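One letter stands for each residue in the lines below.
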Amino acid sequence: MKMADAKNSNPDNFKGWLYKWTNYIKGYQRRWFVLSNGLLSYYRTQAEMAHTCRGTINLAGAYIDTEDSCNFVISSGAQTFHLKASSEVERQRWVTALELAKAKAIRMMEAASDDEDEVTPTEPDKNDIQNTLRMLNSKLEDLTTCNDLIAKHGAALQRSLSELELIQDPAEASSKIKAVNERATLFRITSNAMINACADYLDLAQTQGRKWQRALQYEREQRLRLEETVETLARQHNTLERACRGNLSGDIKSNATGTAPDEYSDDDNEFFDAIEDSPSFTTTVQLPSSHIKGHRRTDSGASATSIASSEGAAPKYDDLSSTDDEMSTDRSERGNLITIKTQGPLQRSGSEHSNLSDGSSKGSSKSSQSSSPVQRKGRKRRKTIQEKPNMSLNLWSIMKNCIGKELSKIPMPVNFNEPLSMLQRLTEDFEYSETLDKAAACEDSCEQLAYVAAFTVSSYANTTNRTGKPFNPLLGETYECDRTDDMGWRSIAEQVSHHPPAASQYCESKEWECWQEFTMTSKFRGKYLLIIPQGIAHLRFKKTGNHYTWRKVTSTVHNIIVGKLWVDQSGDMDIFNHKTKDNCHLKYAAYSYFSRDIPRKVTGVVTDVNGTAKYVVSGTWDKKLEAAKILQGGERPSSGGKEKQQVYQTGPPRLLWHRNYPPPGAELMYGMTEMAITLNEIEEHVAPTDSRHRPDQRCMEDGKWNEANQIKVQLEEKQRARRRKRESEASAAAAAGKVYEGYKPVWFEKKQDSLTKSMIYTYNGDYWECKDKQDWSRCLDIFTT
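Residues numbered from 1 in each chain as written. Predicted model: local features only at pLDDT ≥ 70, side-chain atom pairs only at ≥ 80, totals over all residues. Heavy atoms only, no water.

**Q** Please provide a residue-by-residue account of the packing of aromatic side chains, values included.
**A** Describing an aromatic ring pair means giving the distance of the ring centres and the angle of the ring planes. One pass over the structure, following the stated rule, counts 19 aromatic pairs. The interplanar angle of 75 degrees and the centroid separation of 6.2 Å between the aromatic rings of Phe33 and Phe81 together place this pair among those described as edge-to-face. Of this pair, Phe33 sits in strand 2 (residues 27-36) while Phe81 sits in strand 7 (residues 80-84), placing them 48 residues apart in sequence. Three or more aromatic residues joined by ring pairs make a cluster, and in this case those are Phe430, Phe455, Trp489 and Trp512. Over the aromatic face of Trp17 sits the side chain of Arg30, whose NZ or CZ is 3.8 Å from the ring centroid. (Phe/Tyr/Trp six-rings, centres within 6.5 Å; stacked < 30°, edge-to-face > 60°. Helix = DSSP H or I, 4+ residues; strand = E, 2+ residues; numbered from the N terminus. Lys NZ or Arg CZ within 6 Å of the ring centre and 35° of its normal.)

In structure tokens:
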């Protein structure tokens, strides 16, 4: 059957029948495809065009690849079409039309971006450069393919013409002429494709060349601005240093004459009066966004390096007050313009705290540590682990029998894992615990809630490049993490239930304590994997008694079968303060290819007990989160005109949290962060049930995957045997009319939660005492095979 009706005179509006790959059961299915305005859409029938579209790919960012004489693939990253035409000629017609439409879409998109670049130059994005290089490489591959096809079809056409010249029989010549015409058609189509590919490559190279020239000029200007700024700061620092030395010499001179040390001479008073009465100075730094990300900042958003300091005369970097009479910070989003204007004298005391509340410094001296957590120097920890071996595995042979099953019941080889257990992954939630330290020092409960919201968001930061599945902990498996020496907290986690799988964790510091019972439901749906957390996380600040609870959002792992794995977070999260009744509602926006919003976006509003909005929080769960105090609120009609949208007038945003990016070479170490690399490091005196002692996990980290798979099967079978034994004991006890208690966790006990009124596992407080005594008599032998 011929597919087509794809002989359209206008390549921008191309239609026809193609076969599309659906699944391994149905194989290729006949679908009606429409190419229009740079979009390729398909329908089951032509009648569906009026009401239902089955799928669409934007060709501007798509990759087109020809597999064989009739098959070709179109991929945009988010989705992929595997298509088949009825013949090589038909395939070539479609590929040519798609390439032309793609080139036109790219030209339109780049023309729009060129207009924007002329108005506001921005820093070149590394991802854009990499995408451009990939596109150029793709165009070169297309040119190579077209060149090979031209040579192939040209040679075939030449052979057909030579054979035609040797034919004497008119009947045989007629059939040969038909073959020559077909060869000539293929050669013409391939030649046109070659011409189009050359034009596309030339146009793309010229366009990108202009953009890179502007980017280079932009970087040159930024370097000059930075040099001028550094020179200005150096002069200011030199002036303040000379003034400070003069002040110190005056103090020494006054002490030598018998003056009390806490009294200042006239020269000292003149020095401070001169600063107070002198005109305010403004330091303006226009930085690229990438420089700002890596720049250390105060809570007020001011750059630490742009504050002139002098010994005994300047406040600490993290202790700048946000009041109007001392420091005002203005940041322009368009140019990342940061202006720090000092209007009053520099204070001697570093006790002022820069919080989110504008114009309020009440009680700030008590909370100075919120903006600058105590920096501790811990023991030396490892920085790398053995690189991940490059071992292939047929994923479909395993997954095809697992569709619809619970994830915890699927026997997975370690090839899909990373050498960490789920207990260790839970501990990673506290990588950004300094956010909680800042929250602990806040006196405003709504401001504290904004920091708590940032902490909940930070736990997802590492999932963008961490697609490995953690090991399912064995029943009774534990994990301790004592970071009191450098981060100020320690935690203990235990697998308290096998079916359903459940883990409990308790973490504490001097200022706060956090505990959670983590359970989840997960389903494999063929194309993606849904992970839905069920437990509730608790956080209590010891000083104020503020008690917060929240549930984690849904995680989705995409491209399980075909394509590169990627993880998305989506859903709503409510963080509730049970003492003050404040609430923060966060919305994690699901990724959409057609959405204009930035990917991985998180937005939310902090409200008080009366439902009045106090702060707006926004950012992305993989980079940073900011908060802005609401100055005025109002409503406006939505685009439909029926519903109303809440509109807030806010002050300047303040950074709550930003991500620490993985170390160099992290992609070869399962995408782990610096903290994750240390979690499975061998430590002495930990419990025998600690995840660090798990042999299959240790073998995997050492690169012995085959041995790890064998040990994993043995450990899981041993666990099943223990479970069968408990079930038989329970049956025997029931037959005898006795009560069977069953398995009880060692470090956690089941109690009723006073807030949720549900039964949860809570920490019994015995672990660290037993560790001090090295009394592990209550621990089971779960790792011996």
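**Q** Run through the pairing of strand 23 (residues 583-588), naming residues and quoting values.
**A** For strand 22 (residues 566-577) and strand 23, the ladder comprises six bridges, and the chain directions are antiparallel. Residue pairing across strands places Met573 opposite Leu586, the latter belonging to strand 23. The hairpin formed by strand 22 and strand 23 contains five residues between the paired strands, and Lys581 there has a positive phi angle of roughly 70 degrees. Bridge analysis of strand 23 against strand 24 (residues 601-607) gives six bridges, and the strand direction is antiparallel. Following the sheet pairing, Tyr588 is matched in strand 24 by Val602. (Pairing = 2+ DSSP bridges.)

**Q** Give me the lowdown on the environment of Glu480, citing residues and values where you can.
**A** One can find Glu480 in strand 13 (residues 478-483). Residue Glu480 is classed as buried on the basis of its relative accessible area of 1%. Here the alpha-carbon distance between Glu480 and Glu494, two residues 14 residues apart in the chain, equals 8.9 Å. (Buried < 20%, exposed > 50% of the residue type's maximum accessible area, 1.4 Å probe, protein only.)

**Q** Which residues make up a negative patch on the surface, and what values go with them?
**A** A cluster of like negative charges, contributed by Asp65, Glu67, Asp68 and Glu141, occupies part of the molecular surface. Here Glu141 shows up in helix 2 (residues 126-166). A relative accessible area of 44% places Glu141 in the partly exposed class. (Patch = residues over 30% accessible without salt bridge, like charges linked within 9 Å, V, L, I, M, F, W, Y side chains within 5 Å. Areas by Shrake-Rupley, 256 points an atom, 1.4 Å probe, with all protein chains shown as cover. Salt bridge = Lys/Arg side-chain N within 4 Å of Asp/Glu carboxyl O. Lys, Arg positive; Asp, Glu negative; His and termini not counted. Charge placed at Lys NZ, Arg CZ, Asp CG, Glu CD.)

**Q** Please give an account of the environment of Thr22 that cites residues and values.
**A** Here Thr22 shows up in strand 1 (residues 13-23). For Thr22, a relative accessible area of 27% translates into the label partly exposed. Sequence separation between Thr22 and His82 is 60 residues; the distance between their C-alpha atoms is 8.4 Å. Those residues in contact with Thr22, other than ones at most four positions away along the chain, are Gly27, Gln29 and Arg31. (Contact = heavy atoms within 4.5 Å.)

**Q** Tell me what's going on with the environment of Asn390, and back it up with residues and numbers.
**A** Residue placement: Asn390 occurs in the loop between strand 10 (337-342) and helix 6 (395-399). Distance from Asn390 to Gly703, taken between C-alpha atoms, is 9.9 Å for residues 313 residues apart in sequence.

**Q** Outline the sheet that holds strand 2, listing residues and values.
**A** Here seven strands make up an open sheet; going across it, the order is 4-3-2-1-7-6-5 and the pairing antiparallel. Two strands lie at the open edges of the sheet, namely strand 4 (55-58) and strand 5 (63-66), each paired on one side alone. When strand polarity is set aside, the average angle formed by the axes of neighbouring strands in this sheet is 35 degrees. Pairing between strand 3 (residues 39-43) and strand 4: four bridges, direction antiparallel. (Axes fitted to C-alpha atoms, helices over the stretch in contact; angles between N-to-C directions.)

**Q** So, the state of the cysteines: which residues are in play, and what are the values?
**A** Tallied over the entire structure, the rule returns zero disulfides. As a non-bridged cysteine, Cys507 has Cys514 as the owner of its nearest cysteine sulfur, 6.7 Å distant. Among the residues examined, Cys507 registers a relative accessible area of 0% and is labelled buried. Of all cysteine sulfurs in the structure, the one in Cys770 sits closest to Cys779, which takes part in no disulfide; the separation is 8.0 Å. When its relative accessible area of 15% is taken as the criterion, Cys779 is described as buried. (Disulfide = S-S within 2.5 Å.)

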